Each structure stands twice: as C-alpha cells, then as structure tokens.
Amino acid sequence: MATTPRGGGTAQRPNGASQNKICQFKLVLLGESAVGKSSLVLRFVKGQFHEYQESTIGAAFLTQTLCIDDTAVKFEIWDTAGQERYHSLAPMYYRGAQAAIVVYDIQNQDSFQRAKTWVKELQRQASPNIVIALAGNKADLSNSRVVEYEEAKQYAEENGLLFMETSAKTAMNVNDIFLAIAKKLPKNDGAGNQGSGQGRRLAEVEQNRQTNNCCK
Amino acid sequence: MNNGTVENTPTFIFQIVQEKFLPGETVKAVLHAYQRIGVETSNRILALVATQDSYAVFSFALACDKPRTFSDLVVDNIFPIDKGFRMESEVRNTISVLGFSLSSSQSARKSTFYPSHPDDADEYTSFKLLVDDIFDYKVRTADTYPQAIVPPPFDDDESGTGGGTTTDESGFFGSEKEFSWLARYRREDDLLAIDRCIADGSKPLLKGESKFQYELKKHEHEYIINKTYRIYCATWNVNGQQCNATNLRPWLAASEDPPDIYAIAFQELDLSPKAITLSESRPDRSVIHNIMKSLHEGAQYEELCSVRLVGMMLTIVVKRSIRPNITRCEKQSVGTGALNLMGNKGGVGVSLTLNEDSLCFVNSHLAAHVSEVQRRNEDFNEINRRLLFSTQDISNHDHIFWIGDLNYRLNMTSDEITDYRVMLKFDQLNIERAAHRVFENYYEGEITFQPTYKYDPGTDNWDSSEKHRQPAWCDRILWRGDKIKQIVYRNVMKIQLSDHKPVYATFLADIKTKDEQKYKRVHEKILKRVDKYENDNQPQITVEKTDLDFEEIKFNEEYFRDFTVANNCHLPVEFSFKEKTETDMRICEDWISIDPCYGTLITGRSLSIRVKIHIKSETVWRVIKKQGNHIGKIPLDILVLHVKNGRDIFITVMGEYKPSCFGLPVETLCCLDKPIVDMQWSELTEIQMKSTTEPFKITMPREIFLLIDYLYRVGMQEINLFQLERSFKVNDNINEIRDWLDSCGAAEEFPGTPHTAAEALLMLLESSGNPLIHPLDLNVLNPDYPFELCLRAIHKLSTPRKNVFLYLTMFLHEFIEQNRNANIEVIAKLFGMILIRSSHDIHGLQRKNFIKRFLSRGIFNFARNEFKYS
C-alpha cells in the first residue's frame, strides 16, 4: 500500500534547481571524400588531429556531449564514407538524423558543388526538421582557397543552413559548429510530440536500443 | 589474538593479493564475498591490510571468477580502519544470508557484503577470523582512541553498544598521515579497466544511462554535502483516551528551535474491539488537527502523511519550506497481535527520501507484560521482516528512527523506586540490546527521566490499582545511522491524561544533499567521461579486406571469395550484415549469399566469411541492369558489416558479369551480328537501345534456333525430355552449352545431350527480364476466348517474340505428335509458367491451358502466314 505523499503529484526539486536533462540527437556528417569529415569528428570528440587520416570505409560512430545551460546535448555522431561508390548507403545514416554537417574543402570547388547536392538530398529525403550545418573545412589552408567565404555564406543563408569555415587541424570553429547545432536543436521533453526533429531523453534511447528500434 | 594464517605458508590467494601491495603492507586476512549491485551480484575479495601505523580493508573487484594473477584484482573500495570505521551485521530477514556492511569516514556510503563459499574456500580466511583480526586491531588501538566505536557483530561482550556519533571532529582515529599509503590505491579513473568477463562476453558492458548513474554515484562525494536537519520524534500511549482536546504543546513544542520534521507516534488511540477487528486504518483526523495546533510556532508546518493501524498512528509533519526536498514518501503497517495478524500490536512506518538520503520512521507497539520479553523481541523481528517499502526494507534506510511503546519492563522484584540509574540496569530493553537480541546497531540516548508507566490517570502517582503495575520505561525512542545526534530525550510529566507519560526526543541529522553548483560540474565531467567510455569501449572488428574481387562472372556459375574478420579489441563483438533500407530487408543482392551473415567473436578470435555469387536465370537480368554499359569490373554490391554498438564497415563486391545470351531480350539477340563472347557491354546496351527502332538482323535468336534444331534432330524420341522437376538445372554441361551458344557454336559439335539442351532452352526462355508473352488483355487466357483472338494476340507480339513462340509451339506440337511418351499436360504447364510471366496473378491452370490450345492443334497455316510477314 505504498502511497505518494498527500497532495500528490511528482515532487519538485527545491529552489527550482535543474533536473539536468539529457537530450540525445543523431548527427550525420556528409560530404565528398577527403574533405575532412572524420578529422572534424576526431577533433571534436577526442581533440586530436591526424595529418594522414585513413579513408573511412563504412560509417564510424562516436558520441560526444555538450552542455548548454541546464541541458546536456548528447550527439550520436555518424561519420560516413565520402566515396561516391557508397553514396547509395547514405540514407541509412541520415535517416532519422536530427542534425547534419555537410562538409566541403575550401580548396576544392567540386567538393562545394557536391556539398550542395548533399544539402538538396537532405532537404528532400531527410527528416523535415533536420538542422543542417555547412562546414567549409581546411580553413587553415586559405592560401589555396577556391571557394569564397561570401559565396558559401550566401548559399547557406539562402538555404537556411548554419555556416562556418572550420579547420580540424587548428580546431578553428570545430566546437563552435557543434555548439551552434546544439543550440538550434529543439530540447523540449517531446512528450506527446514525437516529431522527428525531437531529441530523445536518454532513458528512451536505452529502451529503443534494446528493442533494436532505430530512431524514427 | 592472531589466527596464524599468515604465519603459515600463505595460500595462493594470499600470495596474489599480497602482490598488489608494497613491502611493509601486509595482507592479514583475505575473504571471498559478494556484493549486490541492483539485481546482480558481483564477487569481491576483501583483504585486511596492515602497515605499521594503520589498517585498512580493501575490496577488490575480480576480472574473472578465479583470480590467477594480481592483475585480475581491481581495487573497488578502501575502508581505512579509522574513527569512522564501522562493521555492522546486516540481517536481511527475508533471506537467510548473513551479511555485513563496512563504512568509514572516507567512504561516502556504507557497502554491504555477503561472505560467499567458493569451492576453494580453504584458500581464504574464514569470516570469523577476519572479524577477529579486525577486532584484535581495534582492541589494541582502543586505548589510544577511546572514542572508537566498532560494534562487534558476533562478540557477546558489551563493547561498542553505547551511544554516540562520529560527527565529532576532534580526536580522529588515526591522522590523515597514517593513511597516506592508501592514496596509491585509489584509482582516479578505472573506466578503461579491462574486465575479462566483459571480454569473453559473460558480462555485459554498462551502457549509456546505467554507466552514467554508476559514475554519478561513484563521484557522489564530490557534490554531496551534509545539511543538518532538526528532527523531532514523539511517542505517547494514550490508553484509549480522547486526546483531541488535550494541550499537546508541552510535548510537541518543547524544542528551542523549530524542527524540520516531526514524527509523532500514538498508541492505543482506540481500544474498542471494533477497531481491532476491523483493523482501523483511517488516520484520526481530530487528533491530527490537535497535533497541527500544538506544533512549534517558529515555522509553518504541513502534514506529510499519516499511517494508522488500530490504536497506532504515526504522523509525519514537515516544515512547509522543506516539503519540496522530500521526493518520495511511502507508508506501511504490520500487525503482530494475535496470530501475528491483529493490529492491536505491531508497527506502522513511513519511509521517505529527503534530498539524497532515505529516512524511515517506525512507530511500534510491542507485546505487553513483564514476562513477554521474548515475544517483544520477536515482534521487533517480525516488523523488520514484514514492514517493506517498495524498494527497501527498514534496515536499508540511511537514517532510522524507531519510536513507540516498546513495552519493555524492569526485571525487578522490589517495587521500591530508588535511583533511576540503578533501575535502568534492570531495564529489559537495555539487557536485551546488550545481549544483541534486539535492536542490533540501534542507539538510544541516555535516559534521564523517570519511568513513563504506569500512572494513575490525571496524576503523577504510580499505579494504585489492584494490579499495582511496576513502573517501567515502556515508551522509547531509538535510532540507527551514524549522522544522527540526539539533543534531548525527555518525558512530559505535565500531560496526565493517560497511564503513560508522553516522550519526545530531538535530533540533529546530517542529510546528504546535492550541492547544485558542484553537482552541475560533476554532472558535466561525468557526461564527458561516459562519452569517453563509450567511445573507447566500442566493439571493433578488423576485416582482412573491404573489396572482394570476383573478376569475371559468368551466368549459372558459382564463385566464392573468403575474407577474415577478427576481433582484436578488448570486448566481444557481435556482428551482422545489415539490411540497407527499411523496405528492402535483404542484406545483399539475391544472387549473392553470405555465410555466416551474423556472429559473435570474443577477444582474439577470428572467423572466415564466405561470399558466394551464383547468377541464375531468375536474377540474371538484374545483374545485366547493374552492369549497364560499364566495361570491366564494377561494384556489384556493397555489403554493410555492422558491429553492434560500433561502426559499420562497407565491403564492396567487385566483378564483371560477362555477356551471355542468357538474360538478354530476344529482340537484342536478333540484332547481333557476331558472337556475344566477342562483345562488350557498351556495344550490347547500344544494340539493345536500337533494337526497338532498327530492323532485326535475323528473324529469331540463333541460340533458340540452334537448341530447337538440335532437339528436333536428336531428341524427338527422348523420354522425359521436358519435366517439371528440371533435374538438369544444376549440371556442368549447361555451362558448356552456354559457352557454345555464346560463341555461336557454328564450328564445333553441340556439347550437350537432348536433356541438357532442353534445360538450356528453358533457362534461356526464362532468363530474359521480360517474359516472352505478356498479354495486355488477360482475356486471352480465358479457355472460352476464341482461338482466333488468341492468334491475334500472338500476331501483335514483336517479330522475334512471335517467331520464337511460333517456332517453339510448332516444335512442341510435333514433339507431342511423334513422342508416344510425351505428356501434353506437363509440357503445357512447364512452358506456360516460363512463357507467360505476368505481374498479374494468373492462375497456373490458365497459363497451362493457353499453351495447350496451341500445342493441341496445328497452327502451320497461321505460322506460315506470319513468317511471311516478318
């Protein structure tokens, strides 16, 4: 005959202290081969940079948490293979993603064009509320720049994308771009609101994992 | 007292435990035990280790069930035997396992252990000897540190049962310096500790949330602070009197400062048989109303909850300002009266969580009469056993207050009341507690007030009735928990309503409380650590190669490539090939097979995976589509090798499908002007595109003509030439025929037999993506449909199709005519299935009948006319 305290309801923490909410989001990195997707992730997650980063043949998975105010945003990061041959597999990874970073190399016009097609594909096929960030990577090598900052910036604005030029090598804007995404993601509890852009509370994620139920 | 274990040849376990330590740090005793962690149990080795200056108990987690080297032992916890050290027996009444708990001033929470009995038990010290060793040390040091309190769990001497707390900062047992050697064993980060049980898959890795909770708990000491709360406990046996008009202020508002929590206990609120038989459980609102009027005026109060069983009622009242800090509150009652059921005796309890600590208040009314000591002890045990809250029993709380009419009397014959201090020596509760028969590990403050029972109501005079009851301290307040300090313990003589005097006690209790600022920092730090843990403890698989090169692939031939996957990480790996889309549940093209397509690899193991390609007539057109106009090898498929909780690896199946007549549309075959074997896919796709517009070079495919021609010449009398079983489908000869057909066969003798030729013909007809006949008007399949119109439908087919159909049906008609064994039903059914494949569900019988109509009658005239047109 266990009962809740008289007056019922769930007890609240004193002084309005935080419950330290944890929201988990799936984030996918897309972009042409060798633009530095894995390097960005490695810099963000482990604070490292490898001059000769191996080509990703598959999809790597790492997690990293950022704290914003009273909310911990836990990113479940899928770093995908950029080679064209694997293009058809990309939907496996951007499906259900609440955020995406589309990466290009500022020294490579083709990679910028490719980034644009990725953005188009995401806007057409991914979750409607997906937060997309455009990252012009290798910004430390601006001597050999071919994609102008203004051009990319304008493109990003027209398409409602977050935009930053980044450098995995110098760490420039790496945390910032993830932070910007984290800030833009909706973090309300999502009870009764199972929108695909919604972060999930960690407990739910655990359950989903157990039932092998991929995030929708 | 020395048990001598160490002096004798040390056992293997002693040796490996000793190896964990430096010279001068001597392992005195080693005990095998286990801990409960949630629903799991986890084995531990407890070691008592001594240096010259100090002792400590180490708890080791084991990397495997039977440690083989010292590296299998991981320090899980350290209990310095300092002033705050406690070793208490934990009697879990529900399970007859003897447990004990250890705590010390440096470990945030007490840890409970249960001695286990491994099959190599003689390697270990017995529990008794470990306890003796600890007490041996305690007794030796007790002179130096008289404040040391270690209640002995199994000794029956009187040491260590006195009251007192450890909050007193002075005279700490051993200085920090004496325990400085322990620092070496405190591990800052054991996240990467490799547990062999995890590596061999017998224990799961902690995931996300559970790891987070585990870490948060482990770092509790970094953000938990003690906050002192004033607790006011009060008990009164009202002897069935109405007390809702009595002024309770002398009893409930007697403290100087306003209490934070009141626990107010009544007994004998209602002595009526009705209340007993009905097990009255509704709190007496009029009494509660009176309580609320009589509280300390220095604060605002609200009733948290009340629980009642017959005459017993426990009301918890809290200061309004601390109400939000109470995050859980449960109540429970247990009757121990007649049959252990009736509620005239027993206990009621409230369990609550205040900040980070759990508190339990019990109000009990135990069995009466001088002689019933045993029964009272039993009632106490019964309440302990049966008063269960949702997740814990009474003993699992951080702070326990046990109040009530415990009914213990005085073992005195003389009713002369002399000195209370003398009388207290005869107090049954004191005697029973000293003998460890009841209230084990509880404390009671010193009694400095006169007995609370039995008075003539309305007076302060001892019982003058006939019974002439002996005075006794029936009404008591005890507590359990190290962070509780009693301030006062009194009775209230002024309240004369009952034959009992009310009693109250006030306490200061240190309650673990989150420091929100510190908590936020630790929370963040732990999130990062969990990220690191997850990222570092990701199962990894190594694959020998990510490209599987099949080179040239021919129709109907089997190929395979093997590759090795290995687990070189410290965790077991579960792998599987993953389906690529939600709708298509295939893990690869259906002409590829993978064996095995899932599995588990423990650390250090590897496995060979075989990928097979076999392109059959049903699937060849899909391969051709994939090959497109590419010359040479292309990625035919990409397999996704998925590691559970880890990354995916893409494995590309490379190869070049060699052109063959199998799988090509008859129109294309009619446009060829050289052997297929000499052609490239780029040419073939070009021809295929043109075949819809340009005139055909030949009227029907050479390959079909050659096969039928051969059968016409050699096979007309063959028995069972066309069978539904297709028993020649898997036959090397088919591939020889394939090569013969693809090189146009002109020069060489036909390599096959009538039976393999017949099978090759069937395969050729069924391998084209489109069926030979795909009627737009399904009526033609209707057996009543005029045959003339069926012929018109054939007439509308493309020339090569029409010609193939006519030539084939004429041949089959002839075959049936000539061959006495030929079964028209079988042949019509077989060709019906192959020639008419429609996306519509056409019943097999209809297809058979359609073909049968052509086979059963001569269509030479029609055919002659048609051939003329083309």
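Residues numbered from 1 in each chain as written. Chains lettered and ligands numbered in written order. Predicted model: local features only at pLDDT ≥ 70, side-chain atom pairs only at ≥ 80, totals over all residues. Heavy atoms only, no water.

1. Quick word on the overall build of chain A
When helices and strands are tallied, chain A shows six helices and seven strands. The order of helices and strands in chain A, counted from the N terminus, is β-α-β-β-α-β-α-β-α-β-α-β-α. Counting over 216 residues, chain A shows a buried share of 53%. Approximately 9,900 Å² of chain A is accessible, and the part contributed by carbon and sulfur atoms is 46%. (Helix = DSSP H or I, 4+ residues; strand = E, 2+ residues; numbered from the N terminus. Buried < 20%, exposed > 50% of the residue type's maximum accessible area, 1.4 Å probe, protein only. Areas by Shrake-Rupley, 256 points an atom, 1.4 Å probe, with all protein chains shown as cover.)

2. Topic: the overall build of chain B
When you go through chain B residue by residue, the secondary structure sums to 23 helices and 27 strands. Once local pairs closer than 6 in sequence are excluded, the contacts in chain B between residues at least 24 apart make up 69%. Of the roughly 38,300 Å² that chain B leaves accessible, carbon and sulfur atoms contribute 50%. (Contact = heavy atoms within 4.5 Å.)

3. With respect to helix α17 (residues 732–742) of chain B
Residues and elements named next belong to chain B. A large share of α17 lies buried, amounting to eight of its eleven residues. Those residues of α17 that sit buried are Asn733, Ile734, Asn735, Ile737, Arg738, Trp740, Leu741 and Asp742. Where α17 is buried, its residues meet α16 (702–714) and α18 (754–767). The N-cap residue of α17 is Asn731: its side-chain oxygen and the backbone nitrogen of Asn733 are 2.8 Å apart. In the segment just after α17, Cys744 is the residue with positive phi, at about 70 degrees. (Polar contact = N/O pair within 3.5 Å; in protein donor to acceptor, adjacent residues only side chain to side chain.)

4. A short note on the pattern of salt bridges
Pairing of side chains with opposite charge becomes possible as their charged atoms draw close. Residues and elements named next belong to chain B. If you walk through the whole model with that rule in mind, you get 51 salt bridges over all chains. The partner of Lys319 in a salt bridge is Asp260, and the shortest N-O contact between them spans 3.2 Å. In this pair, Lys319 sits in strand β11 (residues 312–319) while Asp260 sits in the loop between α6 (249–252) and β9 (261–267), placing the two residues 59 residues apart along the sequence. Classification of Asp260 by relative accessible area gives buried; the value is 9%. (Salt bridge = Lys/Arg side-chain N within 4 Å of Asp/Glu carboxyl O.)

5. A look at the confidence of the model for chain A
The share of residues in chain A with pLDDT of 70 or more is 78%, and the mean pLDDT across the chain is 82. Across residues 1–18 of chain A, where pLDDT falls below 50, the model places 28 contacts with residues more than four positions away in sequence or in other chains. (pLDDT = per-residue confidence, 0-100.)

6. A few points about unusual backbone geometry
Peptide bonds are mostly trans, and most non-glycine residues show a negative phi. Residues and elements named next belong to chain B. Cis rather than trans, the peptide bond between Tyr453 and Lys454 has omega equal to 5 degrees. Relative to the helices and strands, Lys454 is located in the loop between α11 (428–434) and β16 (475–480). Across the junction of Asp595 and Pro596, the peptide omega takes the value -5 degrees, indicating a cis bond. For Pro596, the location among the structural elements is in the loop between β23 (592–595) and β24 (598–601). Phi angles above zero are rare outside glycine, and Glu268 is one such case at about 55 degrees.

7. Some remarks on the side chain of B:Thr809
Residue and element names in this part refer to chain B. Examined against the element boundaries, Thr809 turns out to sit in helix α20 (residues 799–818). A distance of 3.0 Å separates the side chain of Thr809 from the backbone oxygen of Leu806, its partner in a polar contact. Those residues in contact with Thr809 that sit more than four places away from it in its chain are Phe854, Leu855 and Ile859.

8. Overview of the nonpolar core
Within soluble globular proteins, side chains that are nonpolar tend to cluster in buried spots. All names here are of chain B. Counting 105 residues, the largest nonpolar core has Ile541, Phe722, Phe831, Leu835 and Phe850 as its most contacted members. Looking at which element gives the most residues to this core, the answer is α20, with nine residues. Residues contacting Phe722, with those up to four places away along its chain left out, are Leu711, Ala758, Phe811, Leu812, Phe815, Val826, Ile827, Leu830 and Phe831. Within the second largest apolar cluster, 44 residues are counted, among which are Ile326, Ile403, Phe449 and Trp479. (Core = buried A, V, L, I, M, F, W, Y, C linked by side-chain atoms within 4.5 Å.)

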